Amino acid sequence: MDSKSASQGLLQFICESPCAFFTVQAIRKRLDAAGFSYLPEGEAWKLERGGRYYTVRNDSSLIAWKVGADLDNFHFQMAAAHGDSPTFKLKNVPELSGPESYLRLDVEAYGGMIDYTWFDRPLTLAGRVYVREGRGAREHLVYFDRDLLLIPSLAVHMDREVNSSFGPNRQVDLCPLWSAGKLKQGSLDDLLAAELGCDASDILGRDLYLVNRQKPLIWGAADEFVSAGHLDDLQSAYAALEAFLAAENTHDVSVYACFDNEEVGSNTKQGALSTFLADALQRIAACLGRTDEQYRQAVAKSFLVSCDNAHAVHPNHPEKSDEANRCLLNHGIVVKEAANQLYTSDAFSRSVFEAVLTEAKVPYQTFANRSDMRGGSTLGNLSNTQVSVHAVDVGMPQLSMHSSFETTGVEDTALGIAALKAFFEADLAIDGAAGFSF
């Protein structure tokens, strides 16, 4: 896939994925088109060699797998990313009246975003709503494809120090403007009811999030850059999915996972800290006639690529990056490492991944935080508490991570797909931590 096509595919995926529920829907659409069969967690599973399958938890996390035709070296080769991004979530009682005739929405932070990037731009809402049906309820996904909201800045004349000391108070400064007088309390549920074709009184619950309406784009005099919301981590989720779909490996069970709730710690029933991956792998092994002992042997020979984007050198602040272990836009996938093990990479897993990429002639870069700066964490080390396998942390380089509008390179998605495809196609044979071949 050429770089422009890969970037355009990424932007289409992002447009389809305003929040994690829609991300899973977008992934399912692509899996269904590729001939995968959906296996609900609450039903019995039947698998065949050569089969393609996926399962879903909470409609916000998904695991897909391809069963190789030759499983003499039964093991799992896995890539995992996350489908959620930092944003603001509506509270249960969502409308704030006043001052005067104003109506605002009451929100709280989901994850660690750069707050000021949410001001003065068109916003909308996306998420899920539960609507009463008889004595039960049914889930409906909702995305308002229109500009509904805006968080207005305070004029510089009213805050003369805004350019030197502004730190938004999330309870005060970040309430989106909903109406200047034409709407009243209850208007949100009225709008939802009109969208869903139900009575407002039948709306039982909502998980709704703010979405930046800025259109994703490829830009620059030489078309070098891609900017969009949710690049962290939809770029990695998309690249891993495309690689998973394109790769062929008859010797393993190839696995793709997209988890929810990474941005808030992953400790939910559908997060990387949950039993979701372990449950799926154990069921796969059992359905393929493997005993518990054989499953544990397979896990010991398995490998995970944890995919979450990396910090590229900032053009105005290169001093914020490590002098030697730094990455650039348009230079290839990034292998991330941290002594505190917030990234899972170690000498063994780095050797595996880099050897595969070198053999495939796919470029890669390295990243480590400055030693005087604490970096972020990701999902690899968390999922390893449930399924302990050799793992490496990687991602595409980007700028403005956790802004409402982030930037990457136009080459980076295609380079990421190529790297992850090479991994999925490698016939890995792992001997504990003593060595490997492929």
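Residues numbered from 1 in each chain as written. Predicted model: local features only at pLDDT ≥ 70, side-chain atom pairs only at ≥ 80, totals over all residues. Heavy atoms only, no water.

Engineer: Break down the overall build of the chain for me, citing the residues and quoting the values.
Structural biologist: The secondary structure content of the chain amounts to 10 helices and 22 strands. Expressed as lengths along the three principal axes of its C-alpha atoms, the size of the chain is roughly 70 × 60 × 35 Å. Looking at the chain as a whole, 55% of its 438 residues qualify as buried. Considering only contacts in the chain between residues 6 or more positions apart, those separated by 24 or more positions represent 76%. Accessible surface, the chain as shown: approximately 18,700 Å² in total, 48% of it carbon and sulfur. Side chains of the chain carry 38 positive and 58 negative charges; the gap between the two charge centres is 4 Å. (Helix = DSSP H or I, 4+ residues; strand = E, 2+ residues; numbered from the N terminus. Buried < 20%, exposed > 50% of the residue type's maximum accessible area, 1.4 Å probe, protein only. Contact = heavy atoms within 4.5 Å. Areas by Shrake-Rupley, 256 points an atom, 1.4 Å probe, with all protein chains shown as cover. Lys, Arg positive; Asp, Glu negative; His and termini not counted. Charge placed at Lys NZ, Arg CZ, Asp CG, Glu CD.)

Engineer: Give a description of the packing of aromatic side chains that names residues and reports values.
Structural biologist: Inspection of every chain in the model, using the stated rule, returns 17 aromatic pairs. Judged by centre distance (5.4 Å) and plane angle (65 degrees), the ring pair of F74 and F76 falls under edge-to-face. In textbook terms, an aromatic cluster arises when at least three aromatic residues are bridged by ring pairs, as seen for F36, F244, Y256, F303, F423 and F424. Positioned above the aromatic ring of Y209, the side-chain terminus of K89 is 5.8 Å from the ring centre. (Phe/Tyr/Trp six-rings, centres within 6.5 Å; stacked < 30°, edge-to-face > 60°. Lys NZ or Arg CZ within 6 Å of the ring centre and 35° of its normal.)

Engineer: If you had to explain helix α7 (residues 292-300) to someone new, which residues and values would you point to?
Structural biologist: Those residues of α7 lying buried are Y295, A298 and V299. In a view along the axis of α7, the buried residues occupy a sector of 100 degrees, so they form one face of it. (Arc of directions from axis to C-beta.)

Engineer: Explain the side chain of S404 to me, using residue names and the numbers behind them.
Structural biologist: You can see S404 is positioned in the loop between β19 (397-399) and β20 (406-409). Among the polar contacts made by the side chain of S404, one reaches the side chain of R121 at a distance of 3.5 Å. (Polar contact = N/O pair within 3.5 Å; in protein donor to acceptor, adjacent residues only side chain to side chain.)

Engineer: Any chance you could break down the sheet that holds strand β18 (residues 390-395) for me, citing the residues and the numbers?
Structural biologist: Spatially, nine strands are ordered β1-β2-β3-β13-β4-β14-β18-β16-β17 in an open sheet, and the strand pairing comes out mixed. The sheet is open, and its two edges are formed by β1 (37-38) and β17 (364-367), each paired on a single side. Relative to strand β13 (residues 253-259), strand β4 (residues 76-82) runs parallel, the two being bridged by seven bridges. Paired with M78 across the two strands is V255, which belongs to β13. Relative to the sheet, helix α2 (residues 20-33) contacts β1, β2 (52-57), β3 (61-67) and β13, its axis offset from that of β3 by approximately 20 degrees. Set on the sheet, helix α8 (residues 347-360) makes contact with β14 (303-307), β16 (333-336), β17 and β18; between it and β18 the angle comes to about 60 degrees. (Pairing = 2+ DSSP bridges. Axes fitted to C-alpha atoms, helices over the stretch in contact; angles between N-to-C directions.)

Engineer: Explain the pairing of β17 to me, and be specific about the residues and the numbers.
Structural biologist: Taking every second residue as pointing to the same face, the buried face of β17 carries Q365 and F367, while none of Y364 and T366 on the other face is buried. Remark: the β16/α8/β17 crossover connection has right-handed handedness. (Right-handed = clockwise from strand over helix to strand, strands pointing away.)

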